[in-house]
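Residues per chain are reported as follows:
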Amino acid sequence: MTTFCLVPGAGGDAAYWSRVVPELERHGHRAIPVDIPEDDPRLGLPEYAALVAAAIGERSEVVVVAQSLGGFTAPMVARDTKLDMIVLLNAMIPVPNERPGDWWDATGAVEARHAADTAAGRSTDFDYEQHFVHDIDVATKAWMSEHPPRTPSDTPFGQPCEFEIWPDIPIKVLVGRDDRFFPADFQRRVAKERLGIEADEIDGGHLVALSNPVGLAQRLLEYAAV
């Protein structure tokens with residue numbers, strides 16, 4: 001049995017994984033969505049990593065799945081906790097000691113989003129509907145309106161991601177091919193430059209755990225079975 005430790009993106013709300021958890025459990029695996037109160041300015045990257053490590057505990061056969069900003073938590077967890085695999089899902093991929101606030105300029109993330117928007121004939125202004133929920137069905141949007149995301153504090157964005165090297169374990173980069181916030185081409189480039197690996201793609205946008213939970217769970221199960 002694999003334990004999937006599910007790390008949310010900015011805001012840290014475990015409810016993001018609520019559609020994926022039952023799919024993983026239905027196949028006989030354990031799924032642990034970690035809730036991280038990222039709206040609390042007293043907490044930052046070290047505390048986020050500690051919460052994830054505490055959720056894992058002494059369990060073995062652990063796959064950490066990190067969404068978006070959660071990519072900055074994953075290597076800090078792996079520094080002190082034995083993992084079998086990391087899956088970076090539409091994730092910010094850091095280099096050692098990089099600050100999340102510096103990642104945008106270092107990778108050209110905003111420029112990549114603007115270029116993709118321009119090519120598609122969209123406004124280049126950030127818009128929640130356009131960039132985050134464009135591929136999410138009406139029922140799920142209604143659920144989301146009842147579970148509004150937390151607004152993350154500024155604390156982690158000024159902190160270094162304290163690790164020396166990515167762990168020598170399988171690392172997968174999974175990209176939503178319809179992601180408008182971190183366009184797929186951009187994510188593939190960053191994965192190649194920073195990890196030296198080719199990214200995989202899946203149907204869905206930035207919030208793929210909500211727009212394509214069944215497909216995402218199936219891909220995670222395939223990764224764990226290798």
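Further up the page is the structure itself.
Description of the structure in this document.

Basis of the calculations
- Residues numbered from 1 in each chain as written.
- Predicted model: local features only at pLDDT ≥ 70, side-chain atom pairs only at ≥ 80, totals over all residues.
- Heavy atoms only, no water.
- Helix = DSSP H or I, 4+ residues; strand = E, 2+ residues; numbered from the N terminus.
- Buried < 20%, exposed > 50% of the residue type's maximum accessible area, 1.4 Å probe, protein only.
- Contact = heavy atoms within 4.5 Å.
- Areas by Shrake-Rupley, 256 points an atom, 1.4 Å probe, with all protein chains shown as cover.
- Lys, Arg positive; Asp, Glu negative; His and termini not counted.
- Charge placed at Lys NZ, Arg CZ, Asp CG, Glu CD.
- Core = buried A, V, L, I, M, F, W, Y, C linked by side-chain atoms within 4.5 Å.

1. Things to note about the overall build of the protein
Link 1 in the chain: In terms of helices and strands, the protein carries 10 helices and six strands.
Link 2 in the chain: Once the C-alpha set of the protein is aligned to its principal axes, its extents read approximately 50 × 40 × 35 Å.
Link 3 in the chain: The buried share of the protein, reckoned over its 226 residues, is 50%.
Link 4 in the chain: Expressed as a percentage of contacts within the protein between residues at least 6 apart in sequence, the contacts between residues at least 24 apart total 72%.
Link 5 in the chain: When the accessible surface of the protein is split by element, carbon and sulfur atoms take 51% of a total near 10,000 Å².
Link 6 in the chain: With 20 positive and 36 negative side-chain charges, the protein shows a separation of 3 Å between the mean positions of the two kinds.

2. Considerations on the nonpolar core
Link 1 in the chain: In terms of nonpolar packing, the biggest core is built from 73 residues, with Trp-17, Leu-24, Leu-88 and Leu-216 touching the most fellow members.
Link 2 in the chain: The element that contributes the greatest number of residues to this core is helix H2 (residues 45-56), accounting for six residues.
Link 3 in the chain: Excluding residues within four positions of it along the chain, Trp-17 makes contact with Leu-6, Val-7, Pro-8, Pro-33, Val-65, Gln-67, Leu-89, Ala-209 and Leu-216.

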